[in-house]
Amino acid sequence: MAKLDNIIHQPVRLQIMSSLVALEQSEQVDFVYLRKILKLTDGNLGAHLAKLEEAGYVRIEKTFIARKPRTFVKATGKGRDAFDNHITALKQIIGSADE
Amino acid sequence: MEISQNDAQNSLKEVEIISSRTRKAVVAAYDPPVLIVWGLVCIIAYIATHFFLKWVWPIWMGMGTIGSAATFLICHRQFRTANPTKIANGAKLGWQIGLFWGLLYIFIFLIWLPIMAPFNGLQCTAFIITVIMFAYITIGLWSNSRYMIWLGLAVTCTTLAGFYLIPHNYYCLWMAATAGGALLGTGAYIQLRWK
C-alpha cells in the first residue's frame, strides 16, 4: 500500500512536482519559466523549491547562458519515485472509496 | 496523513492540469515561430509556382533556403537566450536536429530531384511537401509529439487529395491554402493558446 508524501502533498509543491515530472528525465526547466507556468511569485516558488531540494526531490542549478544568470530546476530520481508513489497512493484512496 | 476521496480526486485533477499545461508550454516555447515561418514559405512558394510553374525548382530551392536560414536563426536565438528548458547535451541535440534537416534539404534538392527528373511542377511540389511531412511524422513519433504527427498526416492527405482530385490549374493554390495554411495556422494556434 503506497503512502501519501507529506512534502509533496502541499498544493504548491504538488504543482511543482507535477510540472517537473512532466518533463523528460534529462530536462531542466528555467526558474522564471516555471514561475510563469505555475503562476507563482518568486518568493513563493523559491521557498517551496528549497523545501523540495532539502528533501532531495529536486536539484537546482545556477548557471550562465549568454552571460546572463539563469536558474534551472529538475526533479531528481528520488523525487520522481516519491511523486509516483504519491500518485499511486492517491489512486488507491479513490479506488478503495469506490469499493 | 489521511485525506478524503474528494481531496484525492482534486489532487489528481490538479496534477493532470499542470502536467498538460507544462508539456504544452514547452512546445509553445520552441515550435510556433518555426511553423509560422514554414507556413509562410509554403504559401509564398506555392503561389509563385502557380504563376511561374516552369521555375518550380529554383522557387522551392530559394524559399527552402530562406526558410532554413530563418529557422536556424530562430532556434539559435531561442537556445541561446530564451530557452525555457535545458536538456543534457542540448547543444549536441540541437546540432543533430539541424544536421538532419540540412541533410534532408541536400537529399531532396541535390540528389532525389535530379535522379527523378524530368518531372512536372506538380510532382515536384507534391514530392517535396510529402517528404517533409514524413520527417514531421517521424520526429513526432520519436518525441511523442502528437500535434506533429497529426499535422504531418493532415498535410499529406490534403496533398494527395489535391494531386489526384483537384484540377491541375488550381493545385498550387489549393496547396497554398491547405499545406501553408495548416502550418501557419498550427503555429499561430500554439502561440496563442498554449503559451
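Residues numbered from 1 in each chain as written. Chains lettered and ligands numbered in written order. Predicted model: local features only at pLDDT ≥ 70, side-chain atom pairs only at ≥ 80, totals over all residues. Heavy atoms only, no water.

## A look at the pattern of salt bridges
Residue and element names in this part refer to chain A. By the definition in use, this model includes two salt bridges over all chains. Between Arg-70 and Asp-30 there is a salt bridge, with the nearest N and O atoms lying 3.0 Å from each other. Of this pair, Arg-70 sits in strand β3 (residues 68–75) while Asp-30 sits in strand β1 (residues 27–30), placing them 40 residues apart in sequence. Accessibility assignment for this pair places Arg-70 and Asp-30 in one class, buried. A salt bridge links Asp-42 to Arg-35; the nearest nitrogen and oxygen atoms lie 2.7 Å apart. (Salt bridge = Lys/Arg side-chain N within 4 Å of Asp/Glu carboxyl O. Helix = DSSP H or I, 4+ residues; strand = E, 2+ residues; numbered from the N terminus. Buried < 20%, exposed > 50% of the residue type's maximum accessible area, 1.4 Å probe, protein only.)

## Overview of a positive patch on the surface
On the surface, a cluster of positive charge is made up of Arg23(B), Lys24(B), Arg146(B) and Arg193(B). Here Lys24(B) shows up in helix α1 (residues 5–51). (Patch = residues over 30% accessible without salt bridge, like charges linked within 9 Å, V, L, I, M, F, W, Y side chains within 5 Å. Areas by Shrake-Rupley, 256 points an atom, 1.4 Å probe, with all protein chains shown as cover. Lys, Arg positive; Asp, Glu negative; His and termini not counted. Charge placed at Lys NZ, Arg CZ, Asp CG, Glu CD.)

## Side note on unusual backbone geometry
Most of the time, phi is negative for any residue but glycine, and the peptide bond is trans. Cis rather than trans, the peptide bond between Ala117(B) and Pro118(B) has omega equal to 5°. Mapped onto the secondary structure, Pro118(B) falls in the loop between α3 (90–116) and α4 (121–142).

## A look at the environment of Trp194(B)
All names here are of chain B. Position of Trp-194 relative to the elements: it lies in the segment after α6 (171–193). The class for Trp-194 is buried, based on a relative accessible area of 18%. Sequence spacing of Trp-194 and Arg-23 is 171 residues, and the spatial spacing of their C-alpha atoms is 9.2 Å. Apart from residues no more than four positions distant in its own chain, Trp-194 is found in contact with Lys-24, Ala-25, Val-27, Ala-28, Tyr-147 and Tyr-189. (Contact = heavy atoms within 4.5 Å.)

## Looking at the packing of aromatic side chains
Residue and element names in this part refer to chain B. Counted according to the given criterion, the structure contains nine aromatic pairs over all chains. Here the aromatic rings of Trp-112 and Phe-127 are separated by 6.1 Å at their centres, their planes lie at 85°, and the arrangement is edge-to-face. With Trp-112 in helix α3 and Phe-127 in helix α4, this residue pair connects regions lying 15 residues apart in the sequence. Between Phe-163 and Tyr-171 the ring centres are 6.2 Å apart and the planes differ by 80°, which places this aromatic pair in the edge-to-face class. Overall, Phe-163 belongs to the partly exposed group, its relative accessible area being 23%. Exposure remark for Tyr-171: the relative accessible area of 0% places this residue in the buried category. Connected via pairs of aromatic rings, a cluster forms that spans Phe-100, Trp-101 and Tyr-136. (Phe/Tyr/Trp six-rings, centres within 6.5 Å; stacked < 30°, edge-to-face > 60°.)

## Topic: the packing of helix α3 (residues 31–38) of chain A against helix α4 (residues 42–54) of chain A
Packed helix pairs are specified by the crossing angle of their axes together with the interaxial distance, meaning the distance between the axes. All names here are of chain A. For the pair α3 and α4, interaxial distance at closest approach is 10 Å and the crossing angle is 105°. What the angle tells us is that α3 and α4 run roughly perpendicular. Of the residues in α4, those touching α3 at Phe-31, Leu-34 and Arg-35 are Asp-42, Leu-45, Gly-46 and Leu-49. Class assignment for the residues of the contact of α3 with α4 results in four nonpolar, one polar and two charged. (Axes fitted to C-alpha atoms, helices over the stretch in contact; angles between N-to-C directions. Parallel < 35°, antiparallel > 145°, perpendicular 65-115°, else oblique. Nonpolar A, V, L, I, M, F, W, Y, C, P; charged D, E, K, R; others polar.)

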